[in-house]
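What follows is each chain in one-letter form.
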Amino acid sequence: MKFFSVAFFAAAVQSVLASPSIVKRASVNDVANVGYATLNGGTTGGSGGPVTTVTTLDALTSAVASDTAKIVIISGTITGNVAVRVGSHTTVIGNPGSSLVGVGLRVLEKTNVIIRNVKISKVLAEAGDALGIQQASQVWIDHVDLSSDRDHDKDFYDGLLDITHGCTGVTVTNSKLYDHWKASLVGHSDNNGAEDVAITVTYANNYWTDLNSRTPSFRFGHGHIFNNVFDDNNDGINTRDGAQLLVENNVWTGTDKPLYDTDEGFAVARGNDFGGASNTAPVGNFTTAPYAYSLIAVANVRSQVVSQVGQTLSF
Ligand SMILES: *[C@@H]1O[C@H](CO)[C@@H](O)[C@H](O)[C@H]1NC(C)=O
């Protein structure tokens, strides 16, 4: 028995070494454990509901559509040119190695949605954002891998992860956003304040690299941004139109505007490494997040975050 366990352990170590991209085991029933998604009753998605595995666009589209509790697992590569609408009380999981190419996911006027370990690339602007969340509440985006390329003009693709029209209770964790023009827009437009002032988003432990702008661009609402790594983006965090951001223990290299405002956005910044550049945003009044959370010492953020992000979970 002892020999068996040792051999088993050795085999397990070998298989982890053989697939270094998988760093953690997770459960399809996991619920949000960080940030705004944990408030207002939490974000459980389809936890405990029936599990369906899909391998085609048609199967994906119908499996995620209802508003009843369910878990949908994406397997293999699904291609298309469309945004698939995800219903309430749904968890969408990507199996290791799975991918949506040209296929975005849309959470529109829904609540209690989890999207985890999903890789999405090259969603054309005519289909919309890679992940688009609008008029939604309690949404957890975790371990997603979002990219396109920068070989086209900036409007060939739209956003990677846009959170607009008054969304509340959104958390984005352990995700990788890269090789794209417009990364993450929060708040629809300069004249949508009446709706977007309610916005609440947490971004924690994400890796942002080779992006032109919107890392994120944040209008009107409250945003908490901690333990993120930003490398070689043109632009930094843009706080706009009265937004109140709390920005803690993030690391930047390669931009001269890591944190700045447009039209009077605000930020309370603590513990960041701006990579030699400066924060120019006016100081705001968002000093205390309404939940408990763990800050990584800023000197360790890079080593603890970058290797964990994206589609690195197995289930
Ligand atoms: C924070 O500042 C904004 C903008 O000046 C103001 O509207 C809001 O009432 C302030 N909030 C608190 C809690 O002081």
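Rules used throughout
Residues numbered from 1 in each chain as written. Predicted model: local features only at pLDDT ≥ 70, side-chain atom pairs only at ≥ 80, totals over all residues. Heavy atoms only, no water. UniProt positions renumbered as here; feature names shortened; annotations may be inferred. Pairing = 2+ DSSP bridges. Helix = DSSP H or I, 4+ residues; strand = E, 2+ residues; numbered from the N terminus. Axes fitted to C-alpha atoms, helices over the stretch in contact; angles between N-to-C directions. Core = buried A, V, L, I, M, F, W, Y, C linked by side-chain atoms within 4.5 Å. Buried < 20%, exposed > 50% of the residue type's maximum accessible area, 1.4 Å probe, protein only. Contact = heavy atoms within 4.5 Å. Phe/Tyr/Trp six-rings, centres within 6.5 Å; stacked < 30°, edge-to-face > 60°. Lys NZ or Arg CZ within 6 Å of the ring centre and 35° of its normal. Salt bridge = Lys/Arg side-chain N within 4 Å of Asp/Glu carboxyl O.

- The protein chain appears in an unreviewed UniProt entry as pectate lyase from Tetrapyrgos nigripes.
- Recorded under Catalytic activity (unreviewed entry), the UniProt text for the protein chain is reproduced unchanged: "Eliminative cleavage of (1->4)-alpha-D-galacturonan to give oligosaccharides with 4-deoxy-alpha-D-galact-4-enuronosyl groups at their non-reducing ends."
- Quoted verbatim from the Sequence similarities (unreviewed entry) field of the UniProt record, the comment on the protein chain reads "Belongs to the polysaccharide lyase 1 family."

**Overview of the sheet that holds strand 22 (residues 244–248)**
Alright, step 1. Pairing in this open sheet of 10 strands is parallel, and the strands run 2-3-5-7-10-13-16-19-22-25 from one edge to the other. Two strands in the sheet have a free side with no partner beyond their single neighbour: strand 2 (51–54) and strand 25 (266–270). Taking the axes of each pair of neighbouring strands and ignoring which way they run, one obtains an average angle of 10 degrees across the sheet.
Alright, step 2. Examined bridge by bridge, strand 5 (residues 90–94) and strand 7 (residues 111–116) share 4 bridges and lie parallel to one another. Paired with isoleucine 93 across the two strands is arginine 116, which belongs to strand 7.

**Concerning the nonpolar core**
Alright, step 1. Counting 54 residues, the largest nonpolar core has Leu60, Leu105, Ile115 and Ile163 as the members making the most contacts within it.
Alright, step 2. Among the elements that make up this core, the one with the highest residue count is strand 6 (residues 99–108) (4 residues).
Alright, step 3. In this structure, isoleucine 163 is in contact with Ile133, Val170, Val172, Leu185, Val186, Gly187, Ile199, Val201 and Tyr203, ignoring residues within four places of it in sequence.
Alright, step 4. Judged by nonpolar contacts, the second largest core, of 7 residues, contains Tyr207, Val301, Val305 and Val309.

**Some remarks on the packing of aromatic side chains**
We describe a pair of aromatic rings using the distance from one ring centre to the other and the angle between the two ring planes.
Alright, step 1. Using the criterion set out here, one finds 8 aromatic pairs in the structure.
Alright, step 2. An aromatic cluster of at least three residues, connected via ring pairs, comprises Tyr203, Trp208, Phe230, Trp252 and Phe274.
Alright, step 3. Of note, arginine 150 hangs over the ring of tryptophan 181, and the distance from its end group to the ring centre comes to 5.0 Å.
Alright, step 4. Between lysine 176 and the ring centre of tyrosine 178, over which it is positioned, the NZ or CZ distance is 4.5 Å.

**A closer look at the pattern of salt bridges**
Alright, step 1. Counted according to the given criterion, the structure contains 14 salt bridges.
Alright, step 2. Across the salt bridge formed by arginine 219 and aspartate 190, the nearest N and O atoms sit 2.9 Å from each other. Of this pair, arginine 219 sits in strand 18 (residues 217–219) while aspartate 190 sits in the loop between strand 15 (185–186) and helix 3 (193–196), and the two are 29 residues apart along the sequence.
Alright, step 3. The class for arginine 219 is buried, based on a relative accessible area of 8%.
Alright, step 4. Note that aspartate 235 and lysine 257 form a salt bridge whose closest N and O atoms lie 3.4 Å from each other. With aspartate 235 in the loop between strand 20 (229–231) and strand 21 (237–240) and lysine 257 in the loop between strand 23 (251–253) and strand 24 (259–262), this pair connects stretches of sequence that are 22 residues apart.

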